[in-house]
Amino acid sequence: MKNKPTKLEKYLFDLNGYIIIKNAISQKELKACNEIINDYKLLKNGEWKDYVHGHNYGGKEGLNLQQIYEAGKPFEKLIDHPSWIDHMLEFVGGKGTFDHEHGPLFIDENFANIRGPGEAIGIHSGNPEGIQRNHYRYQNGKFHCSQVNILVALNDIGPGDGGTVVIPSSHKSNIQHPEYKKNYMKKNEVSSAENMTGSIEIYLKAGDALLFVDSLCHGSAKRINKGERRIVVYRYGPSWGFFRHPYRPSTKLLNSLTSFQRKIVMPHEKILTPNK
Ligand SMILES: O=C(O)CCC(=O)C(=O)O
Ligand SMILES: [Fe+2]
C-alpha cells in the first residue's frame, strides 16, 4: 500500500525542510539490503563490483557505493518504494504540467554509505548558497523542489553513531550561518556539523528514513562508537534533471525494471533521431 503524504507531513516538510518516515522499509527488506551491502562493502575507492562503484570525496566521509540501484532487486525496489514515492511526486511536483511529459521524476544520484569511527560528512548546503539543483520552492499551493533526498538507515543510528545533522528550516534561511565552514570535501578536514548552533542530530532505527530537501543545511556528526553506520540515499528531482556523476544505468538494470521505474532512472526511453 502506498503511503501518501499526510497534511501534517506536508506542513512539517514546508516548515522544517525534512520529515522522518518511521519503518519506511520492512525488516525483510532491511535484511536483504544489508546482505547485499556485506558483499560490496570491501570495495575500495575507484573499484567496481558489477555496476557498483566504490567512491569517496577524498576526506573522511567513509565509502560510498555509487549506483547501488544496480545491486539487485532489494535496491531496485527503493526506486519507487511505496513508503516515499508519493512524497517525492508531491514535493518535487510538476504533476499536470509539461514537466511530466517524459517522466514524473528522475534519480540523479543513488548510493549507500558506510562510515566507521572518526568519519563524518561536514556541514553543507543551505538556502543562502542559492544552488539551482537543490532549491526549495512552494508556490500556488504546490511544492516545486529540485532535489529531495530519501536517506534510509540500514542500521540503528543513535548517540555516537554519526547521525545526520540538520539545521531545521535552513532551506528558507536568507543568511549564511556564521559558524558555517565549507570544507567538507577537503582532504583530512571534517567541519563538525553537530556543534553548530541550531543544529539537531537525527536518530533513526534501522529501516526508518529521513526525507529532506537538499537545500537544507545538513551534514553528519562524527562517528565515535565502534562499528559502522550504514545508510542509503536516493536523490529525486524533475525528469529533466541530469546525472550528478558520470555514471549511467546499465542495460541489465533497465531491462529488469518496471516501466515506471525505468522512467525514473532514465526518463527518455525512446530517443528521437531523424533515422527512426
Ligand atoms: O551522511 C549523512 O548523514 C548525510 C549524507 C549527505 O548529506 C550527503 O552525502 O550529501
Ligand atoms: Fe548532503
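Refer to the structure presented above.
A quick note: this is a predicted structure, and the numbers were derived from the prediction, not measured. (Residues numbered from 1 in each chain as written. Chains lettered and ligands numbered in written order. Predicted model: local features only at pLDDT ≥ 70, side-chain atom pairs only at ≥ 80, totals over all residues. Heavy atoms only, no water.)

*Asks:* How should I be thinking about the site of ligand 1 in this particular structure?
*Replies:* Around ligand 1 lies a shell formed by F111, R115, I121, H124, L151, T164, H218, G219, S220, R229, I231 and R235. Contacts to ligand 1 include H124, whose side-chain N or O atom sits 3.2 Å from an oxygen atom. Here an oxygen atom of ligand 1 sits 3.1 Å away from a polar atom, N or O, in the side chain of R235. Protein chains bury 94% of the 300 Å² of accessible surface belonging to ligand 1 in isolation. Counting atoms within 2 Å of the grid points, the majority share of ligand 1 lands in the largest pocket. Elements with a contribution of two residues or more to the shell around ligand 1: β5 (106-115), β12 (218-220) and β13 (229-237). (Near = heavy atom within 4 Å. Polar contact = N/O pair within 3.5 Å; in protein donor to acceptor, adjacent residues only side chain to side chain. Areas by Shrake-Rupley, 256 points an atom, 1.4 Å probe, with all protein chains shown as cover. 1 Å grid on protein atoms, 1.4 Å probe; cavity = no way out; pocket = protein on both sides within 12 Å on 5 of 7 lines; lining within 4 Å. Sits in = over half its atoms within 2 Å of the grid points. Helix = DSSP H or I, 4+ residues; strand = E, 2+ residues; numbered from the N terminus.)

*Asks:* Would you mind going over the coordination of the iron ion (ligand 2) with me for this structure?
*Replies:* By definition of the ideal shapes, four donors in a tetrahedron about a metal sit 109.5 degrees apart, and six donors in an octahedron sit 90 or 180 degrees apart. Surrounding the iron ion (ligand 2) are the protein donor atoms H124 (NE2) and H218 (NE2), which sit 2.1 Å from the metal. Every donor counted, the four donor atoms about the iron ion (ligand 2) form angles of 76 to 162 degrees at the centre, which fits irregular coordination. Of the two residues, H124 is situated in the loop between β5 and β6 (138-139) and H218 in strand β12; the sequence distance between them amounts to 94 residues. Here H124 matches H218 in class, with each residue buried. (Donors = N, O, S within 2.8 Å, 3.2 Å for Na, K, Ca; no water. Tetrahedral: all angles 85-135°; square planar, octahedral: opposite > 155°, others 65-115°. Buried < 20%, exposed > 50% of the residue type's maximum accessible area, 1.4 Å probe, protein only.)

*Asks:* Any chance you could explain the sheet that holds strand β8 (residues 148-153) here in plain terms?
*Replies:* Backbone hydrogen bonds hold the strands of a sheet together, and the pairing may be parallel or antiparallel. The strand order β1-β11-β8-β13-β5-β4-β3-β2 describes an open sheet built from eight strands, whose pairing is antiparallel. The two strands at the open ends of the sheet, each matched to only one other strand, are β1 (18-21) and β2 (48-49). As judged from the six bridges shared by β8 and β13, these two strands associate in the antiparallel manner. Looking across to β13, one finds that A153 is bridged to I231. Across the sheet, helix α2 (residues 27-40) touches β2, β3 (52-55), β4 (63-66), β5, β8 and β13, and the angle it forms with β13 is around 105 degrees. (Pairing = 2+ DSSP bridges. Contact = heavy atoms within 4.5 Å. Axes fitted to C-alpha atoms, helices over the stretch in contact; angles between N-to-C directions.)

*Asks:* Would you mind showing me how to read the pattern of salt bridges here?
*Replies:* Summed over all chains, the structure comprises 16 salt bridges. Of the charged contacts, one joins D14 and K172 as a salt bridge, the two residues approaching to 3.2 Å between their closest N and O atoms. Taken together, the positions of D14 in helix α1 (residues 7-16) and K172 in the loop between β9 (164-166) and β10 (200-201) put the pair 158 residues apart, joining distant regions of the chain. Judged by its relative accessible area of 23%, D14 falls in the partly exposed class. Of the charged contacts in the structure, one is a salt bridge between E228 and K41, with a shortest N-O distance of 3.2 Å. (Salt bridge = Lys/Arg side-chain N within 4 Å of Asp/Glu carboxyl O.)

*Asks:* For this particular structure, what's the right way to read the side chain of H124?
*Replies:* Relative accessible area serves as the criterion here: at 12%, H124 is assigned to the buried category. Reaching out from H124, the side chain makes a polar contact with the backbone oxygen of G122 at a distance of 2.9 Å.

*Asks:* I tried to follow the packing of aromatic side chains on my own but got confused; where do I start?
*Replies:* For any pair of aromatic rings, geometry is given as the distance between the ring centres together with the angle between the planes. Evaluation of the coordinates by the stated rule reveals ten aromatic pairs. A centroid spacing of 4.8 Å and a plane angle of 75 degrees characterise the contact between Y138 and F143, whose relative ring orientation is edge-to-face. For Y138, a relative accessible area of 41% gives the class partly exposed. Here a set of aromatic residues connected by ring pairs shows up, and it is made of F13, F91, Y136, Y138 and F143. Looking at K49, its charged tip hangs above the ring of Y40, at a distance of 5.2 Å from the centre. (Phe/Tyr/Trp six-rings, centres within 6.5 Å; stacked < 30°, edge-to-face > 60°. Lys NZ or Arg CZ within 6 Å of the ring centre and 35° of its normal.)

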